[in-house]
Amino acid sequence: MGKNSLIGGSIWEEYSQKVQDLMNHPKNMGELTEEDAKNMGGKLVVADFGAESCGDAVRLYWIVDEATEMIKAAKFKSFGCGTAIASSDTMAELCIGKTVSEAVKITNIDVEKAMRDNPDIPAVPPQKMHCSVMAYDVIKAAAASFKGVDAASFEDEIIVCECARVSLGTIKEVIRLNNLTTVEEITNYTKAGAFCKSCVKPGGHEEKEYYLVDILRDTRAEMEHDRLLAISNAQIEGHSSVDFDDLTVVKKFQQIEAVIDENIRPMLVMDGGNLEILDIKEGDDKVTDVYIRYLGACSGCASSSTGTLFAIESVLQEKLSKNIRILPI
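Reading the values: the criteria
- Positions within a chain are numbered from 1, following the residues in the order the chain's sequence is written.
- This being a predicted model, a pLDDT of at least 70 is required before a residue's local features are given, and a value of 80 or more before pairs of side-chain atoms are given or counted; all residues contribute to the totals for chains, interfaces and linings.
- Heavy atoms throughout the structure, all of them, feed into the side-chain values; hydrogens and water do not.
- Secondary structure elements are defined from DSSP: runs of H or I of at least 4 residues count as helices, runs of E of at least 2 residues count as strands, and each element is numbered from the N terminus.
- Burial classes follow relative accessibility: with a 1.4 Å probe on protein chains only, a residue under 20% of its type's maximum area counts as buried, one over 50% as exposed, and anything between as partly exposed.
- Any pair of residues with heavy atoms lying within 4.5 Å of one another is described as a contacting pair.
- A pair of strands counts as paired when DSSP detects no fewer than two bridges linking them.
- In this analysis, axes come from line fits to C-alpha atoms, helices being fitted only over the stretch in contact, and the angle between any two N-to-C directions falls in the range 0 to 180 degrees.
- By definition, any crossing whose near helix is turned counterclockwise from its far helix by less than a right angle is left-handed, and any crossing with a clockwise turn is right-handed.
- A residue's pLDDT is the predictor's confidence in that residue, given on a scale from 0 to 100.
- Put simply, a salt bridge is a Lys or Arg side-chain nitrogen that is within 4 Å of an Asp or Glu carboxyl oxygen.

### Things to note about the environment of L44
Tracing the backbone through its elements, the reader meets L44 in strand β1 (residues 43–51). The buried category is assigned to L44, whose relative accessible area is 17%. With 29 residues separating them in the primary sequence, L44 and A73 have C-alpha atoms 9.5 Å apart. Once residues within four sequence positions are removed from consideration, L44 is found in contact with L32, T33, E34, A37, W62 and I63.

Structure representation (structure tokens):
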């Protein structure tokens, strides 16, 4: 099968070599029969999953050892594009040798990563990422058939997009792994929001608990926080040639915030409290005054001006500079 019969040649280079090989030469395509199961001493399991809205469908065959629940063989039939074939083949390969309970944990992210040539480079173009989404659902269907339970019983994640069956964890992981900045990119990578669009933002035909616009905003904020924290920690641990007392107020704020996040805030939160930095002022004697406000339980705590204050100041002086002074407001 020529590559131009599968996809436009202009994006062919965006596919990993593994995907290209599996498009033309899938290793696990075919079917398993009752006779095969008898010969292998296992139980035949057949499951279907299809997304009529995009024309993709997959049938998964397992032969399972009933005593150990080990999947001894797996094959598939796929009704879809070349990428769907490659994804289904990889999904079947990942199932072999696992128990049914282990196989249920395979996600579309696992399938896509398994098709990469380079761990840091996606295996397929963004607009074809959705082709691996069906893996999780058809595996659940097969596991449910084997165990005689409802497929929903395997669902331990929050589903954001019901149409494409994409979870909150998957969306957040894809945003982080691929540094996504728009809802359109999330849709390209996961197919979340591609159909009824109720999960994109409020105002759709169905009210949702989670929306892509909010998940993107919150995840990007978490990523930026982690980035600044990493920079601050690196400066602290690396004993930067620039002394804390010589830093700009902005840099001082970042380092103080990083130390508070790592060493102080978790303890306050455990007791129902917190704090925020209101201002930082520098004196002529190189003393850095840090003005804070206690929040929650800390605001009314008797030790907020004694033991707690001393502990916060001591940690910052040890980590950053002896010239730091904490002043609660």
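After that view of the structure, there is still more to cover.
### A word on the pairing of strand β2 (residues 56–64)
Where a strand is regular, its side chains alternate between the two sheet faces. In terms of residue burial, β2 counts as a mostly covered element, since 7 of its 9 residues are buried. Sheet analysis places β2 next to strand β3 (residues 71–79), joined by 8 bridges and oriented antiparallel. Bridging across to β3, W62 finds its partner in A74.

### Comments concerning the packing of helix α10 (residues 249–270) against helix α11 (residues 307–319)
Two elements in contact, α10 and α11, have axes whose closest approach is 10 Å; the angle formed by their N-to-C orientations is 145°. When you trace α10 past α11, the crossing you get is right-handed. Touching I256, V259, I260, N263, I264 and L268 of α10 are T308, I312, V315, L316 and K319, all from α11.

### Overview of the confidence of the model for the protein chain
Here the protein chain averages 85 in pLDDT, and 88% of its residues register 70 or above. Looking at the elements of the protein chain, mean pLDDT is at its lowest for helix α9 (residues 212–237), recorded as 82, and at its highest for helix α2 (residues 34–40), recorded as 97. Low pLDDT, under 50, characterises residues 1–9; the predicted model gives this stretch 9 contacts beyond four residues in sequence or across chains.

### Comments concerning unusual backbone geometry
Generally, phi is negative for residues other than glycine and the peptide bonds are trans, each holding for most cases. Phi angles above zero are rare outside glycine, and E69 is one such case at about 65°. Inspection of the secondary structure assignment puts E69 in the loop between β2 and β3. On the accessibility criterion, E69 (24% relative accessible area) is partly exposed. Backbone geometry at K191 places phi at a positive 75°, although glycine is not the residue there. Mapped onto the secondary structure, K191 falls in the loop between α8 (183–190) and α9.

### Quick notes on the pattern of salt bridges
For the structure shown, the criterion picks out 17 salt bridges. As a salt-bridge pair, D48 and R59 come within 2.6 Å of each other at their nearest N and O atoms. Residue D48 is located in strand β1, and its partner R59 is located in strand β2; the two are separated by 11 residues in the primary sequence. The exposure class of D48 is partly exposed, given its relative accessible area of 45%. The residue E276 makes a salt bridge to R293 at a minimum N-O spacing of 2.1 Å. In this pair, E276 sits in strand β6 (residues 273–282) while R293 sits in strand β7 (residues 288–296), placing the two residues 17 residues apart along the sequence.

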